[in-house]
Amino acid sequence: MIDFGFTPLVASITDLDKANVNLAKQLTEQDPSFALCISCGSCSATCTAGQFTKFSFRVMCHQIRKGNAKEAIAEASKCMLCGKCTLACPRNVNTRNIISLVRKAQTTTP
Ligand code: SF4
Ligand code: SF4
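Let us look at the structure shown here. (Residues numbered from 1 in each chain as written. Chains lettered and ligands numbered in written order. Predicted model: local features only at pLDDT ≥ 70, side-chain atom pairs only at ≥ 80, totals over all residues.)

## Here we look at the overall build of the protein chain
Working step 1: Looking only at helices and strands, the protein chain features six helices and zero strands.
Working step 2: Mapped from its N terminus to its C terminus, the protein chain presents α and β elements in the order α-α-α-α-α-α.
Working step 3: When the backbone C-alpha atoms are referred to their principal axes, the protein chain occupies close to 50 × 35 × 25 Å.
Working step 4: When each of the 110 residues of the protein chain is scored for burial, the buried share is 26%.
Working step 5: Within the protein chain, counting contacts between residues at least 6 apart in sequence, those at least 24 apart form 65% of the total. (Helix = DSSP H or I, 4+ residues; strand = E, 2+ residues; numbered from the N terminus. Buried ≥ 20, exposed ≤ 12 C-beta atoms within 10 Å, placed from the backbone. Contact = placed C-beta atoms within 7 Å.)

And the structure:
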């Protein structure tokens, strides 16, 4: 095998039949715009917190959809609630509100 000096990403497969996607369902009920995200990354590119931490709204949404609620809730605490991501989103996802809802879910998610 040729050594290119890097390795491809390890495949990440999620069995959605077994994953706990309760938080994703809860968020979609509380703010239907959660379902509109197309993972374009515009929010993450403009994120204030992302300049100082590894926080990414796009990644947080992936974690929620894959059933990694605890990781997502921990990540949400890094957001500064400045609202820039909401202005940048081409799909009108209410990002700031969703982050607030994820933070509140801390007390209700098992
Ligand atoms: S509200 Fe949070 S996620 Fe959105 S740009 Fe500001 S710090 Fe980033
Ligand atoms: S900018 Fe909007 S559509 Fe794009 S990843 Fe962020 S929330 Fe999703």
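Resuming the write-up.
## Some points on the site of ligand 2
Working step 1: In the neighbourhood of ligand 2, 14 residues make up the surrounding shell, with Cys 37, Cys 40, Ser 42, Cys 43 and Cys 89 lying closest.
Working step 2: When contributions to the shell around ligand 2 are tallied by element, the ones reaching two or more residues are helix H2 (42-46) and helix H3 (57-65). (Near = placed C-beta within 6 Å.)

## Remarks on the site of ligand 1
Working step 1: For ligand 1, the set of nearby residues contains 16 residues, the closest of which are Cys 47, Ala 49, Cys 79, Cys 82 and Cys 85.
Working step 2: Breaking the shell around ligand 1 down by element, the ones donating at least two residues are helix H5 (84-88) and helix H6 (95-104).
Working step 3: Residue contributions to the shell around ligand 1 peak at three residues, all from H6.

## Considering the packing of helix H4 (residues 69-76) against H6
Working step 1: Taken N-terminus to C-terminus, the directions of H4 and H6 make an angle of 120 degrees; their axes are 9 Å apart at the nearest point. Of the two possible hands of crossing, H4 and H6 adopt the one that is left-handed. Each of Ala 72, Ile 73 and Ala 76 in H4 lies in contact with H6, whose residues at this interface are Ile 99, Val 102 and Arg 103. (Axes fitted to C-alpha atoms, helices over the stretch in contact; angles between N-to-C directions. Left-handed = near helix turned anticlockwise from the far one by under 90°.)

## Re the environment of Ala 69
Working step 1: Examined against the element boundaries, Ala 69 turns out to sit in helix H4.
Working step 2: Look at Ala 69 and you get buried, because 22 C-beta atoms sit within 10 Å.
Working step 3: Between the C-alpha atoms of Ala 69 and Leu 23, which are 46 residues apart in sequence, the distance is 6.6 Å.

## Examining the environment of Leu 16
Working step 1: Inspection of the secondary structure puts Leu 16 in the segment before helix H1 (22-30).
Working step 2: Along the chain, Leu 16 and Thr 53 lie 37 residues apart, while their C-alpha atoms are 29 Å from each other.

## Some words on the environment of Lys 70
Working step 1: Within the secondary structure, Lys 70 sits in helix H4.
Working step 2: Residue classification places Lys 70 among the partly exposed positions, given that 14 C-beta atoms sit within 10 Å.
Working step 3: A C-alpha to C-alpha distance of 7.9 Å links Lys 70 and Gln 106, two positions 36 residues apart in sequence.

## Considering the nonpolar core
Working step 1: Core analysis: the largest hydrophobic core is formed by 23 residues, its most contacted members being Ile 64, Ala 72 and Ala 76.
Working step 2: Where this core is concerned, the elements lending two or more residues are H1, H3, H4 and H6.
Working step 3: Every residue in contact with Ala 76, bar those within four places of it in the chain, is listed here: Met 60, Ile 99, Val 102 and Arg 103. (Core = buried A, V, L, I, M, F, W, Y, C linked by C-beta atoms within 7 Å.)

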